Amino acid sequence: MKRALIGGFLSLIGTIWGLAVLFSASNNLVSSWSTPPGRLFATVAQQGMAPVMAASLLLLAVGLALMGIEYFKK
């Protein structure tokens with residue numbers, strides 16, 4: 001139960017961080033970008049927020065993994 005709660009909080013924190021990065025990037029879009037990554041992710045990279053985005057995705061994945069492990073544990 002304790003690990004499931006920790007996993008829930010980690011995934012919540014990761015989601016909030018990711019949304020904050022995407023919201024910040026969507027308000028300050030770049031004027032030139034290359035097609036493969038797209039305009040939004042080019043803005044994230046140019047603002048230097050790629051490590052924060054990666055950390056938020058990592059927290060989300062770890063949180064979901066912890067909750068999944070606890071769900072299937074008997």
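All values derive from a computational prediction rather than experimental measurement.

K.L.:
Please clarify how the overall build of the chain should be interpreted in this entry.
P.N.:
Counting its secondary structure elements, the chain contains three helices and zero strands. Its helices and strands in sequence order give the chain the pattern α-α-α, from N to C terminus. Structurally, the chain occupies a C-alpha span of about 55 × 20 × 15 Å along its principal axes. The proportion of buried residues among the 74 residues of the chain is 22%. Restricting to contacts in the chain with at least 6 residues of sequence separation, those with at least 24 account for 60%. Split by element, the accessible area of the chain, about 5,300 Å² in all, is 73% carbon and sulfur.

K.L.:
What is the right way to look at the packing of aromatic side chains in this model?
P.N.:
Two numbers describe a pair of aromatic rings. These are the distance of the centres and the angle of the planes. For the structure on display, the rule yields one aromatic pair. With 4.9 Å between their ring centres and 80° between their planes, Y71 and F72 make a pair best called edge-to-face. Here the two residues Y71 and F72 agree in accessibility, since each one is exposed.

K.L.:
Is there a simple way to think about helix α1 (residues 2-27) in this case?
P.N.:
Along an α-helix, residues three or four positions apart point the same way, because every turn accommodates 3.6 residues. With 26 residues, α1 should cover 38 Å at 1.5 Å per step; its first-to-last C-alpha distance of 38 Å lies within 8% of that length. All of the buried residues in α1 are G7, S11, G14, G18, V21 and A25. Packed against the buried residues of α1 are α2 (38-46) and α3 (50-72).

What counts and what doesn't
- Residues numbered from 1 in each chain as written.
- Predicted model: local features only at pLDDT ≥ 70, side-chain atom pairs only at ≥ 80, totals over all residues.
- Heavy atoms only, no water.
- Helix = DSSP H or I, 4+ residues; strand = E, 2+ residues; numbered from the N terminus.
- Buried < 20%, exposed > 50% of the residue type's maximum accessible area, 1.4 Å probe, protein only.
- Contact = heavy atoms within 4.5 Å.
- Areas by Shrake-Rupley, 256 points an atom, 1.4 Å probe, with all protein chains shown as cover.
- Phe/Tyr/Trp six-rings, centres within 6.5 Å; stacked < 30°, edge-to-face > 60°.
- Expected span 1.5 Å × (residues − 1).

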